[in-house]
Amino acid sequence: MLTVENVSVAYGDREVVKGVSFALENGQWLMLCGPNGAGKSTLVKAIAQSVRWSGRIVLEGRNIRTIRPKELGRMVGVLSQNHQLGYAFTVEEVVALGRYAYGGPLMGRDMEGENHIRQALERTGMENLRRQSMLALSGGEMQRVFLAQVFAQDPALLMLDEPANHLDPVYQRQIFSLIGDWLKRPGRAVISVVHDLSLARRYGTHALLMTGGRAVAQGPVEAVLTRDNLNQVYGMDLYRWMEELLDCWRQA
């Protein structure tokens, strides 16, 4: 589905992504892992065409630079961890914005668009709150609304930039489980930026481990998130640290 070849991103004289390459197939969930400043979020922005980049990106057999923004909006959905709302939109209105790339004066209020909106609300458990103001929602509920928005968009590639980083464990599980269910349909793939390596191991099929803007290891998640690789990237024995944390619960 996606091929990234030697992609680099620089902000002025500072190169934050340095010649990263990887391939993503249908049905795969790729976890982008690494410490702060590794270039993970910037790599996602490059694929989403929101920052300038060099190299080559091929999406479904097409050079991504040749895909018009409106068409790209039908193919790629992006969910970030932070959202700014200045108006009291309803849940349904925000979800309906996921159909914007499909155009037309009704902005997706055709029968097909209505079906996608309804299914997205049902899938995320937000149907009963569809008339509710977004300003009255909790952080976890709000993130489910924006997840419903990208579900209504119905992209082939879903990219997530730390989608549950600020949520409590209940909502983290909900968000990642919903994405896992969404991925079961053929012709879909997911890329996630994650800091929680337990979530990466639990839900990812593949991983790309980065540090200093470079890819250190990539492949099946269990082959990438090894003790040696993590020690190299984080400069500490993360396996031992996680075992110590788990021991605290075992002793409770």
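Shown above is the structure to which this text applies.
Note that the coordinates shown come from a computational prediction; the quantities given were computed from them, not determined experimentally. (Residues numbered from 1 in each chain as written. Predicted model: local features only at pLDDT ≥ 70, side-chain atom pairs only at ≥ 80, totals over all residues. Heavy atoms only, no water.)

Q: Even after reading the chapter, I still don't get the packing of aromatic side chains, so can you show me in this structure?
A: When we look at a pair of aromatic rings, we describe it by the centre distance and by the angle of the planes. Tallying each qualifying case throughout the model produces four aromatic pairs. Taking the centre distance of 5.9 Å and the plane angle of 40 degrees together, the rings of tryptophan 29 and tyrosine 203 count as tilted. Here the residue tryptophan 29 occupies a position in strand E3 (residues 29–33), and tyrosine 203 occupies one in helix H7 (residues 197–203), the gap between them amounting to 174 residues. Of the residues examined, tryptophan 29 reaches a relative accessible area of 1% and is grouped as buried. Overall, the relative accessible area of 15% leaves tyrosine 203 in the buried class. Ring geometry for phenylalanine 176 versus tyrosine 203: centroids 5.3 Å apart, planes at 35 degrees, classification tilted. Here the residue phenylalanine 176 occupies a position in helix H6 (residues 169–183), and tyrosine 203 occupies one in helix H7, the gap between them amounting to 27 residues. A single burial state applies to phenylalanine 176 and to tyrosine 203, both of which are buried. Over the ring of phenylalanine 151 we find arginine 123, and its NZ or CZ is 5.5 Å from the ring centre. (Phe/Tyr/Trp six-rings, centres within 6.5 Å; stacked < 30°, edge-to-face > 60°. Helix = DSSP H or I, 4+ residues; strand = E, 2+ residues; numbered from the N terminus. Buried < 20%, exposed > 50% of the residue type's maximum accessible area, 1.4 Å probe, protein only. Lys NZ or Arg CZ within 6 Å of the ring centre and 35° of its normal.)

Q: How should I be thinking about the nonpolar core in this particular structure?
A: Side chains of a nonpolar character, in soluble globular proteins, are inclined to be buried together. Formed by 48 residues in total, the largest nonpolar core has its most connected members in Trp29, Met31, Val95 and Leu225. In contact with tryptophan 29, other than residues within four places in its own chain, are Leu160, Phe176, Ile179, Gly180, Leu183, Val190, Ser192, Tyr203, Gly204, Thr205 and His206. Val7, Val9, Leu72 and Met159 belong to the second-largest nonpolar core, a separate cluster that totals 34 residues. (Core = buried A, V, L, I, M, F, W, Y, C linked by side-chain atoms within 4.5 Å. Contact = heavy atoms within 4.5 Å.)

Q: Can you help me understand the sheet that holds strand E10 (residues 214–220) in this one?
A: Paired through their backbone hydrogen bonds, the strands of a sheet run either parallel or antiparallel. Strand order in the open sheet formed by six strands is E6-E7-E8-E3-E9-E10, with mixed pairing between adjacent strands. Looking at strand neighbours, the two that pair on one side only are strand E6 (76–80) and E10, the edges of this open sheet. On average, adjacent strands in this sheet sit at an angle of 15 degrees to one another, irrespective of strand direction. With five bridges joining them, strand E7 (residues 157–161) and strand E8 (residues 189–193) adopt parallel strand pairing. Bridging from a neighbouring strand, leucine 158 pairs with valine 190 of E8. Packed onto the sheet, helix H1 (residues 40–47) meets E3, E7, E8 and strand E9 (206–211) and runs at close to 145 degrees relative to E8. (Pairing = 2+ DSSP bridges. Axes fitted to C-alpha atoms, helices over the stretch in contact; angles between N-to-C directions.)

Q: Whenever I open this one, the packing of helix H9 (residues 227–234) against helix H10 (residues 238–250) confuses me. Can you help?
A: For any two helices packed against each other, one specifies the inter-axial angle together with the distance between the axes. Packing of H9 against H10 leaves a shortest axis separation of 8 Å and a crossing angle of 100 degrees. Classified by the angle between their axes, H9 and H10 sit roughly perpendicular to one another. Together, Arg227, Leu230, Asn231 and Tyr234 of H9 and Leu238, Tyr239, Arg240 and Glu243 of H10 make up the contact between the two elements. Here the residues of the contact of H9 with H10 sort into four nonpolar, one polar and three charged. (Parallel < 35°, antiparallel > 145°, perpendicular 65-115°, else oblique. Nonpolar A, V, L, I, M, F, W, Y, C, P; charged D, E, K, R; others polar.)

Q: Just checking my understanding: could you explain unusual backbone geometry for this structure?
A: With the exception of glycine, the majority of residues adopt a negative phi angle, and the majority of peptide bonds are in the trans configuration. The backbone of asparagine 6 sits at a positive phi, close to 50 degrees, despite the residue not being glycine. Its place among the elements puts asparagine 6 in strand E1 (residues 2–11). Taking the relative accessible area as the measure of exposure, asparagine 6 reaches 49% and is therefore partly exposed.

Q: Would you mind going over helix H5 (residues 139–153) with me for this structure?
A: Because each turn of an α-helix spans 3.6 residues, side chains separated by three or four positions in sequence point in the same direction. Between the first and last C-alpha of H5 there are 21 Å, a value that for 15 residues agrees with the 21 Å anticipated at 1.5 Å per step. Among the 15 residues in H5, 14 count as buried, and that is most of the element. Immediately downstream of H5, the backbone of aspartate 154 shows phi near 55 degrees, a positive value. (Expected span 1.5 Å × (residues − 1).)

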